[in-house]
Amino acid sequence: MSNMYKKLSAHGSINIPVAVRRDLGLEGRDPMELTVEGGEIRIRAYTPRCVFCGTPDGVKLFRGKGICPACAGAVSGMEG
Ligand SMILES: [Zn+2]
C-alpha cells in the first residue's frame, strides 16, 4: 500500500495512475465500486480482470490480484 496525492477534476473525477491500472488489470470504462465509510472513500474494480490476459471471465482473486482459470492453469504448470 502506498499513498498517492491526486486532485479532483472540476467535475469531481479522479485519475488512477497507469501503473496502478496496469498492476490491477484495470481498463478504461471498467465499472468501479465506491465504498464510503468513516470519512474515507475506497475504490475497487467491480469486475476484476485477469492481470495476465485481461479477461473478466471466471476471474478469481489470488493474493489481491485477478487471475482467470486458463492463466491459473498455465502458472500451476510451471512448477517443477
Ligand atoms: Zn488470464
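Conventions and cut-offs
- Residues numbered from 1 in each chain as written.
- Predicted model: local features only at pLDDT ≥ 70, side-chain atom pairs only at ≥ 80, totals over all residues.
- Helix = DSSP H or I, 4+ residues; strand = E, 2+ residues; numbered from the N terminus.
- Rg over C-alpha atoms; globule rule 2.2 N^0.38 Å.
- Buried ≥ 20, exposed ≤ 12 C-beta atoms within 10 Å, placed from the backbone.
- Pairing = 2+ DSSP bridges.
- pLDDT = per-residue confidence, 0-100.
- Contact = placed C-beta atoms within 7 Å.

> If you had to explain the overall build of the protein chain to someone new, which residues and values would you point to?
Within the protein chain, the secondary structure is distributed over two helices and four strands. Its helices and strands taken in sequence order, the protein chain reads α-β-β-β-β-α from the N to the C terminus. Taking 2.2 N^0.38 as the reference for a compact globule, 80 residues should give roughly 12 Å; the C-alpha atoms of the protein chain span a radius of gyration of 15 Å, well beyond that estimate. Projecting the C-alpha coordinates of the protein chain onto the three principal axes gives extents of approximately 50 × 25 × 20 Å. Across the 80 residues in the protein chain, those meeting the buried criterion constitute 11%.

> Explain unusual backbone geometry residue by residue, including any values.
For Arg29, which is not a glycine, the phi torsion comes out positive at approximately 75°. In this structure, Arg29 sits in the loop between α1 (18-24) and β1 (32-37). A positive phi is found at Arg63, a non-glycine position, where the angle reads about 50°. Inspection of the secondary structure puts Arg63 in the loop between β3 (60-62) and β4 (65-67). Classification of Arg63 by C-beta neighbours within 10 Å gives exposed; the count is 5.

> Tell me about the pairing of β1, residues and numbers included.
Of all the six residues making up β1, zero are buried; the element is thus mostly uncovered. As defined by bridge partners, β1 adjoins strand β2 (residues 40-45) across six bridges and the pair is classed as antiparallel. Paired with Glu37 across the two strands is Glu40, which belongs to β2. The hairpin turn running from β1 into β2, its antiparallel successor, is two residues long, and Gly38 in that turn takes a positive phi close to 60°.

> Give a detailed account of the confidence of the model for the protein chain, specifying residues and quantitative values.
Confidence in the prediction of the protein chain, expressed as mean pLDDT, is 90, and 98% of residues score 70 or more. Looking over the protein chain, one finds the lowest element-wise mean pLDDT in β2, namely 89, and the highest in helix α2 (residues 69-76), namely 94.

> Just give me the short version of the environment of Gly58, but keep the residues and values in it.
Locating Gly58 in the fold gives a position in the loop between β2 and β3. Sequence spacing of Gly58 and Cys68 is ten residues, and the spatial spacing of their C-alpha atoms is 5.6 Å. Dropping the residues within four chain positions of it, Gly58 is found in contact with Cys68 and Pro69.

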